[in-house]
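Close look at the chain arrangement
Listed below are the residues making up each chain.
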Amino acid sequence: MNGKIIKGIGGLYCVATPAGDIFAKPRGIFRKNSVKPMIGDNVVLSKDSEETSDYVISEILTRKNSLVRPAVANVDCALFIIAAANPKPDLLLLDKLMAVSVSKGIKTMLVINKADRDGEAAEDIKNQYKNCVDCGVFAVSMTGDNSAEEAETVKNALPEGVTVLSGQSGVGKSTLTNRLLSKQAMTTGELTKKIERGKHTTRHSEMFEIGNGRFLIDSPGFSLFDAMDFGSRELAGFYPEMRPEGASCRFQDCSHTGEPGCFVEELLRDGTVSAGRYERYLKIYAELKEQERNRYK
Ligand SMILES: Nc1nc2c(ncn2[C@@H]2O[C@H](COP(=O)(O)OP(=O)(O)O)[C@@H](O)[C@H]2O)c(=O)[nH]1
Ligand SMILES: [Mg+2]
Ligand SMILES: [Zn+2]
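Definitions and limits used
Residues numbered from 1 in each chain as written. Chains lettered and ligands numbered in written order. Predicted model: local features only at pLDDT ≥ 70, side-chain atom pairs only at ≥ 80, totals over all residues. Helix = DSSP H or I, 4+ residues; strand = E, 2+ residues; numbered from the N terminus. Rg over C-alpha atoms; globule rule 2.2 N^0.38 Å. Buried ≥ 20, exposed ≤ 12 C-beta atoms within 10 Å, placed from the backbone. Contact = placed C-beta atoms within 7 Å. Domains from an automatic or database assignment. Nonpolar A, V, L, I, M, F, W, Y, C, P; charged D, E, K, R; others polar. Near = placed C-beta within 6 Å. Pairing = 2+ DSSP bridges. Axes fitted to C-alpha atoms, helices over the stretch in contact; angles between N-to-C directions. Right-handed = clockwise from strand over helix to strand, strands pointing away.

Here we look at the overall build of the chain
Summing up its helical and strand segments, the chain has nine helices and 13 strands in all. A globule of 297 residues ought to have a C-alpha radius of gyration of about 19 Å, and the chain, at 21 Å, matches this closely. Across its three principal directions, the C-alpha atoms of the chain cover 75 × 50 × 35 Å. Here the chain holds 297 residues, and 33% of them are scored as buried. The long-range fraction of contacts in the chain, counting pairs at least 24 apart against all pairs at least 6 apart in sequence, stands at 68%.

See the structure below:
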């Protein structure tokens, strides 16, 4: 039987399977080979022995990617949540985290909450990101009259698989998360228990199933997402809007930082690449360059 690890508690793992959640220990061989199961792992469960009905994790299927913070494997999507205002959105950090996601083959999605606080800012941010986000950009207000519908729209846009939620404290992440979790096929008592437990176990991550093969997992913090582990030359490759099909710059190794005949200038002119995203690209590029200089000094 196959399943997905959704939680780990002291050497025991909770595996979501078509037959419901099953608790299992990894087979001894993993401990010997020091392969440690992670949340998000797709695993094979086998009967421990003929006599018992206990299961063991007998195989961990190959991971397509993994994050350190949160420690989770096979991430399909990163849902970034920012506020239009209060707290002020840190778009530079957002762009870094998006690049990290793209570098790991993780789809991106953006929710701009608190649109009621600054509708203009929300609209501006939405425009800046409309060409680079895979699963949609949504301007919402989780305390407004349409919050239920808006949360439902966000929920419907969540892709199959594992989505990691990431947002600075105070943006309304809990408010949105509770709504995303609230309509799952679970009794209210169970759900309340799960959410409460989730709230108090900040260090032990847990995934929540929200139906249609979709799982949500919270991250420990916006600035605590995995760091950029690529070079300046690779950066542009993680900007989906900067590499449309068939486009090329005059120089093959163009860094898109002002070289003549750079195609990105054209994309800036026609609005495919937003001025804000490009400005921040230059900053992040310079930052990575600086890191490289320091490394080889
Ligand atoms: N004005 C406004 N306030 C909101 C909105 N969403 C959440 N809040 C408020 O922002 C504060 C932080 O929300 P919370 O969900 O705890 O944020 P978290 O720290 O990201 O989990 C709370 O006082 C919420 O009531 C919104 O859309 N508009
Ligand atoms: Mg919170
Ligand atoms: Zn270029």
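What about the environment of G10?
When you line up the elements, G10 lands in the loop between β1 (2–9) and β2 (12–17). With 6 C-beta atoms counted inside 10 Å, the residue G10 sits in the exposed group. The sequence separation of G10 and E265 amounts to 255 residues, and the corresponding C-alpha distance is 53 Å.

So, the domain arrangement of the chain
Domain parsing of the chain yields domain 1 (2–62), domain 2 (67–224) and domain 3 (232–295). Between the C-alpha centres of domain 2 and domain 3 the distance comes to 27 Å. Opposite the 11 residues of domain 2 that make contact, domain 3 presents 12 residues. Counting residues per element, the side of domain 2 that touches domain 3 draws most heavily on helix α2 (residues 91–103), which supplies seven residues. A breakdown of the residues in the side of domain 2 that touches domain 3 according to their chemical character gives five nonpolar, four polar and two charged.

Quick look at the site of ligand 1
Taken together, 15 residues surround ligand 1, and among them M142, G172, K173, S174 and T175 come closest. Among the elements that take part in the shell around ligand 1, helix α5 (residues 173–181) stands out by supplying three residues, more than any other. In the shell around ligand 1, the residues fall into two nonpolar, nine polar and four charged.

Describing the sheet that holds strand β8 (residues 75–83)
As summarised here, the arrangement of the six strands in space is β10-β9-β8-β11-β13-β12, forming an open sheet in which the pairing is mixed. In this open sheet, the two strands that pair with only one neighbour each are β10 (137–139) and β12 (207–211). Averaged over all pairs of adjacent strands, the angle between strand axes in this sheet comes to 25°, irrespective of strand direction. By the bridge criterion, three bridges tie strand β9 (residues 107–113) to β10 in an arrangement that is parallel. Its bridge partner being in β10, V111 is matched across the sheet by F138. Contacting β8, β9 and β11 (161–167), α2 crosses the sheet at an angle of about 175° to β8.

A word on the sheet that holds strand β3 (residues 20–26)
The strand order β1-β2-β3-β5-β4 describes a closed barrel built from five strands, whose pairing is mixed. Across the sheet, the mean angle from the axis of one strand to that of its neighbour is 55°, orientation sign disregarded. Across five bridges, β1 lies against β2 in antiparallel orientation. Among the inter-strand pairings, K4 is bridged to a residue of β2, identified as A16.

Looking at the pairing of β9
Judged by how many residues are buried, β9 sits mostly within the fold: six of seven residues are covered. Across seven bridges, the pairing between β8 and β9 is parallel. Bridging across to β9, I81 finds its partner in V111. Traced from β9 through helix α3 (residues 119–129) to β10, the parallel crossover comes out right-handed.

A short note on unusual backbone geometry
A cis amide bond links R69 to the next residue, P70, at an omega of 0°. Tracing the backbone through its elements, the reader meets P70 in the loop between β6 (66–67) and β7 (72–73). Positive phi, close to 60°, is recorded for H256, a residue that is not glycine. Structurally, the position occupied by H256 is in the loop between α7 (232–235) and α8 (263–269). H256 sits in the buried class, given 22 other C-beta atoms within 10 Å.

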